[in-house]
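# Observations on the three-dimensional arrangement
Residue strings, one per chain:
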Amino acid sequence: MSTTVKPQDVMNSVAAATAPSAAGLQPFLHDACVTLYAPSFAISHADGQIGPLDGGADGFYHGDTRALTRLTVAVDGIAIAPARGGTVGADRAAFRAVLRGLGEVTADPAVTLHRRRRITSGQLEETLDITNAGTRHVAFRLIVTAATDLAPMERVKQGEAPGVLPATANGAGDGFAWTGDVFSVGLASAPAPTALDPESGRLAYDIELAPGAAWTAVLRCTAAHADGDQFPAPPADSVPWRTPVLRSADRRFDQWLAQSAADLDRLRLTDPATPAQSGPADQFLAAGAPWFLTLFGRDSLWAARMLLPIGTGLAAGTLRTLARRQGATTDPATEEQPGKILHEVRRAAQDFDENFSLPPCYYGTVDATPLWITLLHDSWRWGLAPEQVEQLLPHAESALEWMRAQAGSDPDGFLKYVDQTGRGLANQGWKDSGDSIRHRDGRLAASPIALCEVQAYAYEAARGGAALLRAFGRPGADRWEEWAERLGERFRARFWVEDERGAYPAVALDREGRPVDSVTSGFGHLLGTGLLNHEESALLAARLSAPDLDSGHGLRTLSTESVGFNPYGYHIGSIWPHDTAIAVHGLARAGFAEAAAGLSAGLLTASAGFDARLPELFAGHGAATDAVPSPYPASCRPQAWAAASSVVVLQSALGLSADVPGGTLTVAPAFAEAYRPLKVTGLDVAGGRLDISVDADGTAHIDAPAGLEVRREHPAAR
């Protein structure tokens, strides 16, 4: 996945790593309540309290800076007992509590607190409602405590607590202000508090409530960078896709899709570099909260590709945003190269320690470039306007040339990576933690490394690029098809290895060109790309369905039979929803519906265990021992490609594919039995609405835009 620093990467290699001190541990998030409106979000305890300061991740954040580290509510002499709380959609949360003993004459609670949270871009709003449902008059003092450290995200991620900054009373006398070098925060209360103490950060309210009376206060915290947002939030009503609604026989699927749609909406960001004459700013999805709420090449591309069945607008914005930052020169410090698509963009450099530091715009990824080409091709197939496609073809040609140069510089002819800076990511595929690429006996692979899935991406990109060049009358199509075929031949000759269960592709080739023979979830990324023949695909379908990889909750990133398997390992035994969803789609495309159905069922089980908001990753223990999956405690939640996985799983179940340039739409319900009858409204093809229903007997009803020939296929015929 496209991330910056994981627990395994704080040092550039596992061999160099030492055990961190307690103060330097990455904060856990698994029991946190996250409310989101990119580029802002809040993290609190399950009872709604933000803080106290303990090196954790609690806070209100804006643009990778923590604006509040503490916002707690207390009552003098009275215990506040949480009753229930949690998110409402993506950008809101609500928490109920009882003021124990206050005004009570029976065992029934009398005075209650309802705390409601709402996030918008640059603002946290907390509404405190206190109601006296008892028969006695009550009087009490409510105390709100606020504090901030204005910490940058990389310090929070390392478990550091820089210390509280002094507050000043604001000009209106109803709150506080904090000011850093380039970041300012304000907190205001309506009504104004009875007493205000900047030194302690306390706002006190003396409250009296008659029986049946209520009291309300609204706290608003605003945060801003002096030079504005790096990637501003888009207008709320400018969602660049249709929002689908699913009604199926499995309500878990319906709920997963609905929660995912809400989260994806609030992960949207815009590119301020969009030319004014082009109209509204291009949109893309931030990778995830809290650690990666910015532009990531790989994550944003995969998420946009997964969402193509609900529109091409996001894909177009993502493609253009990355094209504007496509590599134009060779810079070893940032790993920029001509034609290369970036890894991530931050406001400032991330200096984690003397061995690990990333520049603000970092190009250390080997797979974003072929994925960019494939997204352009797939967007064209789903109906992106030809003039928009054509405008991006020069960038596609540059990206293709980058692939040629990378493969040409390698004696084996494969796309490889190596950290050229000595301070960047040691691994530069989606499994980019320092210990992720290892032999079956546990030895780490030495770079330069050629990943199996990257060769599949390059093969698919070369063929997709050739199709685009031919369709738009540009030269080079035949040459790129030949290039892809030669790559496929080299892959077949060099990557395939064998064990007691038969043949399979190694996860990678190492520095010496030797196969890195561990069994991983990477098999799923090869399926459906065209790199494999049917017999090879069948071997991988069987591997993916075996219990060492298929946990019953999704695919483990590393086989349980490999040395070093760890169910809590970031890429060495954990389960990533997007990884499993890619395998589901690949299996369905390759004609292995039964295997796809099994993995899909596991994801739905997992989604229910996470209240329909699947995290970035979770532990790989599996359904044989755990009915509900255990969280990976530091995982982002929500995460863009985890949320987008719900759409690609639905697409796979329906066997849905589009060829708008060819005038056809194909629907071949591949493994929809468990979900039917089902009806999904609000899909999109070529800018027109697409509704599909499948009866209990498997009969499909399709309401598609005019001008498309709808092909209904039996899965076995694919």
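Below is a short write-up of the structure. Keep in mind that this is a model prediction, so the values were computed, not measured.

Attention now moves to the packing of aromatic side chains. Scanning the model with the defined rule gives 19 aromatic pairs in all. Geometrically, the ring pair formed by Y205 and W215 is edge-to-face, given 5.4 Å between the ring centres and 65° between the ring planes. With Y205 in strand β15 (residues 202–209) and W215 in strand β16 (residues 214–225), this pair connects stretches of sequence that are 10 residues apart. Neither Y205 nor W215 differs from the other in exposure class; each is buried. Residues Y570 and W576 carry aromatic rings whose centres are separated by 5.1 Å and whose planes lie at 90° to one another, so their mutual orientation is edge-to-face.

Turning our attention to the nonpolar core. Ranked by internal contacts, the top residues of the largest apolar core, which has 167 residues, are W372, M403 and I692. The biggest single contributor to this core is helix α7 (residues 452–471), with 11 residues. Excluding residues that lie within four positions of it along the chain, M403 makes contacts with P370, I373, L415, A458, A461, A462, W480 and W483. Membership of the second largest hydrophobic core comes to 39 residues, among which are V75, L99, L102 and L124.

This next bit is on the sheet that holds strand β31 (residues 678–685). The strands making up a sheet associate through hydrogen bonds between their backbones, and the pairing can be parallel or antiparallel. The sheet built from four strands is open, its strands ordered β17-β31-β32-β33 with antiparallel pairing. Two strands in the sheet have a free side with no partner beyond their single neighbour: β17 (245–247) and β33 (700–703). Across the sheet, the mean angle separating the axes of adjacent strands is 20° when strand polarity is ignored. Bridge count for β17 against β31 is three bridges, and the pairing is antiparallel. Bridged to R247 within β31 is K679. This element, helix α13 (residues 640–654), spans β17, β31 and β32 (688–694) of the sheet and lies at about 110° to β31.

Thresholds applied
- Numbers given to residues run from 1 along each chain, matching the order in which its sequence is written.
- Owing to the predicted nature of the model, reporting of local features is limited to residues with pLDDT of at least 70; listing and counting of side-chain atom pairs is limited to 80 or more, with chain, interface and lining totals taken over all residues.
- To obtain the side-chain values, all non-hydrogen atoms of the structure were used and water was disregarded.
- Each Phe, Tyr or Trp ring (for Trp, its six-membered ring) is paired with any other whose centre lies within 6.5 Å, and the angle between the two planes then decides the class: stacked below 30 degrees, edge-to-face above 60, tilted in between.
- Secondary structure is summarised from DSSP: a helix means a run of H or I of at least four residues, a strand means a run of E of at least two, and numbering begins at the N terminus for each.
- For the exposure calls, accessible area comes from a 1.4 Å probe over protein chains only, and a residue counts as buried if that area is under 20% of its type's maximum, exposed if over 50%, partly exposed in between.
- Grouping buried Ala, Val, Leu, Ile, Met, Phe, Trp, Tyr and Cys residues that are joined through side-chain atoms within 4.5 Å yields what is termed a nonpolar core.
- Pairs of residues are marked as contacts when any of their non-hydrogen atoms sit within 4.5 Å.
- A pair of strands is considered paired only if DSSP assigns at least 2 bridges between the two.
- In this description, a line fitted to the C-alpha atoms serves as the axis of each element, helices being fitted only across the stretch in contact, and the angle between N-to-C directions of two axes falls anywhere from 0 to 180 degrees.

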